[in-house]
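Residue-level listing of the chains:
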Amino acid sequence: MVGSLRKGNKGEEVMLSGWVHRRRDLGGLVFVDLRDRTGLLQLSFGPEDTDEQSLAAAHRLGSEDVIQVEGEVVLRPPEARNSELATGDVEVRVRRLTVLNGARTPAIPVHLGQGEELPSEELRLRNRHLDLRRTKLRDNLELRHRLVLAVRNYLDREGFLEIETPILTRPTPEGARDYIVPSRVHPGEFYALPQSPQIYKQILMAAGYDRYFQIARCFRDEDLRADRQPEFTQIDVEASFVEPDDIFAWIEGLVEVLCEAGGLEGPDSFSRVTYAEALERFGTDRPDLRFDLTIEDWTSALGDSESRILRGAVEGGGRIRGVRVPAGAELSRRQIEELEGLAKAEGAPGLLWLKRSSGEATGPLARFLPESGLGRIGVEDGDLALVAAGEDRVTGPALGAVLAPAGRLTRRPQVRQHAWLWVTDFPLFHEDEGTGALVPGHHPFVLPHPEDLDRLEEDPLAVRSLAYDLVYNGAELGSGSIRIHDPELQRTILNALGLQGEEIDRKFGFLLEALGSGAPPHGGIALGVDRIAKDFVGASSLRDVIAFPKTTAARALFEGAPAPVTSGELEALQLESRGHRAAGGDDPASAGSA
């Protein structure tokens, strides 16, 4: 392959194929950089080595033409060697050139010159076949391949079986909308694309397959963000006769393997915090621990302040919470305003702040805080204090949003480059803000914490669960739990979520049947392949680690999906479309639906 040639290949006769990355025509001589998936290699064409017809063709080569060459590997002159290329010590003197396919002028550049910027993302997605030729995307996808291969090898060594579960399944409530697939054979009935293999892997546990994994394709019809796609890949793991510590041990070993495959430094340790502790100290259930900044309760220290904002918050039943940023006094007013903007984006009206430098306090909070008050909140010389007051549901996210950015803005070095932790004991239920109804904290199949079972009826919102998330540098990479294996407890949880007997049997009867057949205690986790690859390469979007991603509008620009279908295709499914013209020039489908 093109990128594999080195000094040791000197004198070898080779046949190579690839794309013209760049051509330099010096009149009598032509130099071409040949590219394939493995790298770049210089080709030289000249009258002494190359046949006349091939030399003439070399002068006409254009960018991205597909060619095949035959020639000899030779050492490049010392002054012409390229230390930036793995193949930079050698070139191929071409005897014969065959143009396998010409290329139109590329709609977007595959090779960027110094100082050139990438075209817009929309243009690159419309020309994804060209965009994927870029070295950066190729490296990202190769890394993704190595990560998935490492997962398979590791879990195989640990005794897990890879088992595929259905893509066409039945709709089940798992927190997001399902993609629905109509059945032609059974008119009026629909499949759903799986949001996860959750129920199937639980049935596998009931069937006695005590260690299962799958590199699973999953689908969720939800609004997209930089870290969301409508279809995604996860490392799905489930095991029987386990407790959370068993899952943690396996996944911590897997993380070490993934770091090795991805060229990252492996974790020294995995911190553990409960969900309640995470919200109290970090304002989020996905804390970034690289900077050792935490939220503190300063209500008792500042509650008697002359500030009406602070006093009013306490009198209204709220708290005063703050963050002390060591070396933060060096931040400019503009940088502090950037932090305040992050807090406002989370719903806070703003932040109060003060700096302490050379023994003097400055900033909006300083006039309300005597010198003795600085000591009460631990602000030392050179520090910055950021304060929010009010209800925890406002102050927590607001201050949590500034922790890592505040750490990055200071010249104070990060405490660690890679921070891994487990967040545990998530609430079993949340309250829907619109209806007040109970909704699952994770999904309906999570086992309540044994210590909280007696609260299920009287105080369900206080019930913890045996659910856990794996967090890396402030990003959730995986989520899992110990599952309910008792069918009666499962029915109780579904009742609490507003489902009744007949509806439960219709939607989940097959799961309850499996649990009632002697299902063992079991649990597992799912890790996002896309997110892991994104964070390992430092990409800003999942689209940089997926070969054919969707836009934030859930459109595939290259192939043009989703697309209309003909009225004949709808008729075969016994469906009608509302207000959208069918493809292929058919009349608009009439209003209504099957």
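Quick caveat, the model's predicted, so the values are computed rather than measured.

Engineer: Quick rundown of the overall build of the chain? Include the residues and the values.
Structural biologist: Helix and strand content of the chain: 16 helices and 22 strands. Taken along the three principal axes of its C-alpha coordinates, the chain extends 90 × 75 × 55 Å. Of all 594 residues assigned to the chain, the portion counted as buried reaches 47%. Summed over its atoms, the accessible surface of the chain is roughly 29300 Å², and 47% of this surface lies on carbon and sulfur atoms. Once the 69 positive and 96 negative side-chain charges of the chain are each reduced to a mean point, those two points are 5 Å apart.

Engineer: So what about helix H6 (residues 244-262)? Which residues, and what values?
Structural biologist: In a regular helix each residue adds 1.5 Å, so 19 residues correspond to 27 Å; H6 covers 26 Å between its end C-alpha atoms and thus fits that length. Backbone geometry just downstream of H6 places Gly-263 in the positive-phi region, at approximately 75 degrees.

Engineer: Go over the pattern of salt bridges, please, and point to the residues and values.
Structural biologist: If you walk through the whole model with that rule in mind, you get 43 salt bridges. Among the salt bridges present, the one from Asp-304 reaches Arg-376, with a minimum N-O distance of 4.0 Å. Placement of the pair is Asp-304 in the loop between helix H8 (299-302) and helix H9 (308-315) and Arg-376 in helix H11 (residues 371-376), with a sequence separation of 72 residues. Taking the relative accessible area as the measure of exposure, Asp-304 reaches 59% and is therefore exposed. For the salt bridge of Arg-334 with Glu-338, the shortest nitrogen-to-oxygen distance reads 2.5 Å. Of this pair, Arg-334 and Glu-338 both sit in helix H10 (residues 333-345), four residues apart, roughly one helical turn. With a relative accessible area of 53%, Arg-334 lands in the exposed category. What you see here is one network of salt bridges that share partners, running through Glu-280, Asp-297, Arg-319, Arg-321 and Asp-392.

Engineer: Any details on the packing of helix H4 (residues 135-157) against H6? Residues and values, ideally.
Structural biologist: Relative to each other, H4 and H6 sit at 145 degrees, their axes nearing to 9 Å. Here H4 runs over H6; the crossing is right-handed. Taken together, the residues of H6 that come into contact with H4 (itself represented by Leu-143, Arg-146, Leu-147, Ala-150, Val-151, Tyr-154 and Arg-157) are Ala-249, Trp-250, Gly-253, Leu-254, Val-257, Leu-258, Ala-261 and Gly-262. The residue inventory of the contact of H4 with H6, partitioned by class, reads eleven nonpolar, two polar and two charged.

Engineer: Could you give an account of the sheet that holds strand E1 (residues 13-25), with specific residues and numbers?
Structural biologist: Ordered in space as E1-E2-E3-E5-E4, the five strands form a closed barrel in which the pairing is mixed. Across the sheet, the axes of successive neighbouring strands diverge by a mean angle of 55 degrees, strand direction being ignored. Packed onto the sheet, helix H1 (residues 52-59) meets E1, strand E2 (30-36), strand E3 (39-45) and strand E5 (90-101) and runs at close to 80 degrees relative to E5.

Engineer: Go over a negative patch on the surface with me, naming the residues and quoting the values.
Structural biologist: Side chains of Asp-454, Glu-457, Glu-458 and Asp-459 sit close together on the surface and give a patch of like negative charge. Examined against the element boundaries, Glu-457 turns out to sit in the loop between strand E19 (438-440) and strand E20 (467-472). The exposed category is assigned to Glu-457, whose relative accessible area is 77%.

Engineer: Hey, could you go over the packing of helix H5 (residues 198-206) against helix H14 (residues 501-515) for me, with residue numbers and the actual values?
Structural biologist: Taken N-terminus to C-terminus, the directions of H5 and H14 make an angle of 25 degrees; their axes are 9 Å apart at the nearest point. Put simply, H5 runs roughly parallel to H14. The way H5 lies across H14 gives a crossing that is left-handed. Contacts from Ile-199, Gln-202, Ile-203 and Ala-206 in H5 reach Phe-508, Phe-510, Leu-511, Ala-514 and Leu-515 in H14. A per-class count over the contact of H5 with H14 returns eight nonpolar, one polar and no charged.

Engineer: Mind laying out unusual backbone geometry, listing which residues take part and the relevant values?
Structural biologist: Of note, the amide linkage connecting Ala-561 to Pro-562 takes the cis form, showing an omega dihedral of -5 degrees. Located in the positive-phi region is Gln-574, a residue other than glycine, with phi close to 60 degrees. The topology assignment puts Gln-574 in the segment after helix H16 (567-572).

Engineer: Residue-level account of the sheet that holds strand E11 (residues 271-274), with values.
Structural biologist: In spatial order, the strands read E6-E9-E10-E22-E21-E20-E17-E11; together these eight strands make up an open sheet with mixed pairing. Of all strands in the sheet, those bounded by a partner on one side alone are strand E6 (161-162) and E11. Where E20 meets strand E21 (residues 475-482), six bridges bridge the pair, whose relative direction is antiparallel. Residue pairing across strands places Asp-469 opposite Ser-479, the latter belonging to E21. Contacting E6, strand E9 (211-219) and strand E10 (231-240), H4 crosses the sheet at an angle of about 150 degrees to E9. Lying on the sheet, H5 is in contact with E9, E10 and strand E22 (522-528); it crosses E10 at an angle near 20 degrees.

Cut-offs applied
- Residues numbered from 1 in each chain as written.
- Predicted model: local features only at pLDDT ≥ 70, side-chain atom pairs only at ≥ 80, totals over all residues.
- Heavy atoms only, no water.
- Helix = DSSP H or I, 4+ residues; strand = E, 2+ residues; numbered from the N terminus.
- Buried < 20%, exposed > 50% of the residue type's maximum accessible area, 1.4 Å probe, protein only.
- Areas by Shrake-Rupley, 256 points an atom, 1.4 Å probe, with all protein chains shown as cover.
- Lys, Arg positive; Asp, Glu negative; His and termini not counted.
- Charge placed at Lys NZ, Arg CZ, Asp CG, Glu CD.
- Expected span 1.5 Å × (residues − 1).
- Salt bridge = Lys/Arg side-chain N within 4 Å of Asp/Glu carboxyl O.
- Axes fitted to C-alpha atoms, helices over the stretch in contact; angles between N-to-C directions.
- Left-handed = near helix turned anticlockwise from the far one by under 90°.
- Contact = heavy atoms within 4.5 Å.
- Nonpolar A, V, L, I, M, F, W, Y, C, P; charged D, E, K, R; others polar.
- Pairing = 2+ DSSP bridges.
- Patch = residues over 30% accessible without salt bridge, like charges linked within 9 Å, V, L, I, M, F, W, Y side chains within 5 Å.
- Parallel < 35°, antiparallel > 145°, perpendicular 65-115°, else oblique.

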